[in-house]
Amino acid sequence: MPFGLKAICWVSFLWSLSTLMVYTTLSLYQEQQLHFSKMSLGSLQAYSTLAMHLTNILSGVFVDFFKNHKALLITGSLLSGLTKPLLGYTTSFMGSFYLRAFERITKGMRAVPTDAYISAIQKQKTVGFGFAWKQIAWGTGASLGCILSSLFLWQCGPNFKLLYILAALPTFLATIIIIFAIKLPKDLVIKKVQLSWKFIHHIPHQLWKIFGLVFLVSLARFGELYMGHRFHELGMPLHFIPLIYILYDLPVALASAWMRRMYDNKPWLKLLMIGTFFLLIATTCFFFCQNTIGLLIGVVATGLHIAVTNGLFATLIARHAPIEIRGTAYGLYHLVMGLGLFISNHLTSYVSHMFDTWCAGFGLNAIFAVLVLVVCGCWHCLLKKDFSWKRQ
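Small disclaimer: the values here were computed from a predicted structure and weren't measured.

The next point concerns the overall build of the protein. Along the protein, the regular secondary structure elements total 17 helices and 0 strands. Rg of the C-alpha trace for the protein: 20 Å, near the compact-globule value of 21 Å for 392 residues, within the 12% margin. Reported as C-alpha extents along the three principal axes, the dimensions of the protein are approximately 55 × 50 × 35 Å. Put simply, the protein has 392 residues, and 61% of those count as buried. Taking the contacts inside the protein whose residues are at least 6 apart along the sequence as the reference set, 86% of them involve residues at least 24 apart.

As structure tokens, then:
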């Protein structure tokens, strides 16, 4: 494993550790102590996610035209650490809206440079291996963040202000690692690209078709924070709720370890159908089940879906996009995903608000998951074979 890949994996580990210490409890804190409605929580989730993905396209263009990964990584990591403690001190909806949107923007500043860096330092035939290790590190850090958050709430009670201050510390450590350890290989040659809309024409047509599937999959997805509300509806104590996300994050890490070579060798359309089937299982469990065991199965299935599809999409972009515009390609991928999640979060929260239960929104996500499976199945039958991994 290259030194650069080890460094970025440790950075991803620390970022996810910090994020999950905050986001496993943030929406519950806003619902219980700030008394936000389901529609308000849905709007926060939708607009903050959209802001993050809109930033992704800008950071992708920045990476391609200025060839500077480290500047965005440092800036995004540092601003994220400074923003997280403030989330516990705001008491108004608009204050929460602006802070959460800005914190997600800092993630948007980091995400595309991270993916572009991994695709740059890995060989073409092993790029899926690199993305799998990144997901393993992310899932492991997220699991540890859930445990620490739960232990803190158990010992100190709902002291969210102190919890969010402590959650900022790993991001500062990640920033130090970026400064001293993240470097592009000296022998890597990347052609310079002129700042022009014409670079869009260099994106292969296969990627536009893949972006269409990304949009459909995003419509079927739901905000992971909604899972905590579903458990809280069944009466689960607050300090136990962060622990359920371990069953989401550990499958991401373990399945990514198993999938790390399949990304490079197996037909991608079949892998996408498998990942979407896991999503259908998850949404069905959250919609129908009224017991903890059923919901836990849904959490595990959600983690397996993320493990299969996120690394798969990242690998597809690295395979098909020319290296000189790869940052822009990742930015477009996140933009399309953000638009789909924006619509999905609004619809989920609206339906949940109408029926006054979070399970109603998951039924709508299940319908979109079925639609994705139908589209993939028809596509596979029409083509009789999957796209080649080779760039045309």
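Our focus in this paragraph is the confidence of the model for the protein. Per-residue confidence for the protein averages 85 on the pLDDT scale, and 91% of its residues sit at or above 70. Contacts from residues 386-392, a stretch scored under 50 in pLDDT, to residues over four places away or in other chains number 29 contacts.

This brings us to the environment of A142. Turning to its location among the elements, A142 is positioned in helix 6 (residues 127-156). In sequence terms A142 and A321 are 179 residues apart; their C-alpha atoms lie 30 Å from each other. Ignoring anything within four residues of it in the chain, the contact list for A142 reads S16, L17, L20 and D249.

Right, let's talk about empty space enclosed by the protein for a bit. As enumerated under the stated definition, the model contains 3 cavities of 30 Å³ or more in all. The computed volume of the largest cavity comes to approximately 1100 Å³. In this structure, the largest cavity is lined by 42 residues; those nearest its centre are M52, R104, K107, W138 and N310. Breaking the lining of the largest cavity down by element, the ones donating at least two residues are helix 1 (3-23), helix 3 (38-66), helix 5 (93-121), helix 6, helix 12 (246-259), helix 15 (292-320) and helix 16 (326-355). The element best represented in the lining of the largest cavity is helix 5, accounting for 7 residues. Classifying every residue of the lining of the largest cavity by side-chain character gives 17 nonpolar, 16 polar and 9 charged.

So, about helix 3. Here helix 3 spans 42 Å end to end across 29 residues, near enough to the 42 Å set by a 1.5 Å rise per residue. Within helix 3, 21 of the 29 residues are buried, which leaves it mostly tucked inside the rest of the structure. Downstream of helix 3 by one or two residues, K67 has phi in the positive range, about 55 degrees.

Here we take up a nonpolar patch on the surface. A cluster of nonpolar side chains, L144, I147, L148, L151, W154, F240 and L243, forms an exposed patch at the surface whose accessible area comes to about 610 Å². Relative to the helices and strands, L144 is located in helix 6. According to the relative accessible area criterion, L144 is partly exposed, its value standing at 34%.

What follows is about the pattern of salt bridges. Taken as a whole, this structure holds 5 salt bridges when the rule is applied. The closest approach of N and O atoms between D356 and K38, which form a salt bridge, is 3.7 Å. Placement of D356 in the loop between helix 16 and helix 17 (359-383) and of K38 in helix 3 is noted, with a sequence separation of 318 residues between them. Assessed through its relative accessible area of 59%, D356 is described here as exposed.

Before going further, it helps to spend a moment on the packing of aromatic side chains. Under the counting rule described, the total for this entry stands at 19 aromatic pairs. With centroids separated by 5.9 Å and ring planes inclined at 70 degrees, the aromatic side chains of Y47 and F97 adopt a geometry described as edge-to-face. Remark: F97 occurs in helix 5 and Y47 occurs in helix 3; sequence separation between them is 50 residues. Of the residues examined, Y47 reaches a relative accessible area of 37% and is grouped as partly exposed. Ring pairing ties together the aromatic residues F36, Y47, F93, F97, Y98 and F342, which thus form one cluster. A cation sits over an aromatic face here: R104 above Y23, 4.5 Å from the ring centre. Positioned above the aromatic ring of W15 is the side chain of R110, whose terminal nitrogen or guanidinium carbon lies 4.5 Å from the ring centre.

Conventions used here
- Residues numbered from 1 in each chain as written.
- Predicted model: local features only at pLDDT ≥ 70, side-chain atom pairs only at ≥ 80, totals over all residues.
- Heavy atoms only, no water.
- Helix = DSSP H or I, 4+ residues; strand = E, 2+ residues; numbered from the N terminus.
- Rg over C-alpha atoms; globule rule 2.2 N^0.38 Å.
- Buried < 20%, exposed > 50% of the residue type's maximum accessible area, 1.4 Å probe, protein only.
- Contact = heavy atoms within 4.5 Å.
- pLDDT = per-residue confidence, 0-100.
- 1 Å grid on protein atoms, 1.4 Å probe; cavity = no way out; pocket = protein on both sides within 12 Å on 5 of 7 lines; lining within 4 Å.
- Points joined across faces, edges and corners; volume = space filled by probe spheres on them.
- Nonpolar A, V, L, I, M, F, W, Y, C, P; charged D, E, K, R; others polar.
- Expected span 1.5 Å × (residues − 1).
- Patch = residues over 30% accessible without salt bridge, like charges linked within 9 Å, V, L, I, M, F, W, Y side chains within 5 Å.
- Areas by Shrake-Rupley, 256 points an atom, 1.4 Å probe, with all protein chains shown as cover.
- Salt bridge = Lys/Arg side-chain N within 4 Å of Asp/Glu carboxyl O.
- Phe/Tyr/Trp six-rings, centres within 6.5 Å; stacked < 30°, edge-to-face > 60°.
- Lys NZ or Arg CZ within 6 Å of the ring centre and 35° of its normal.

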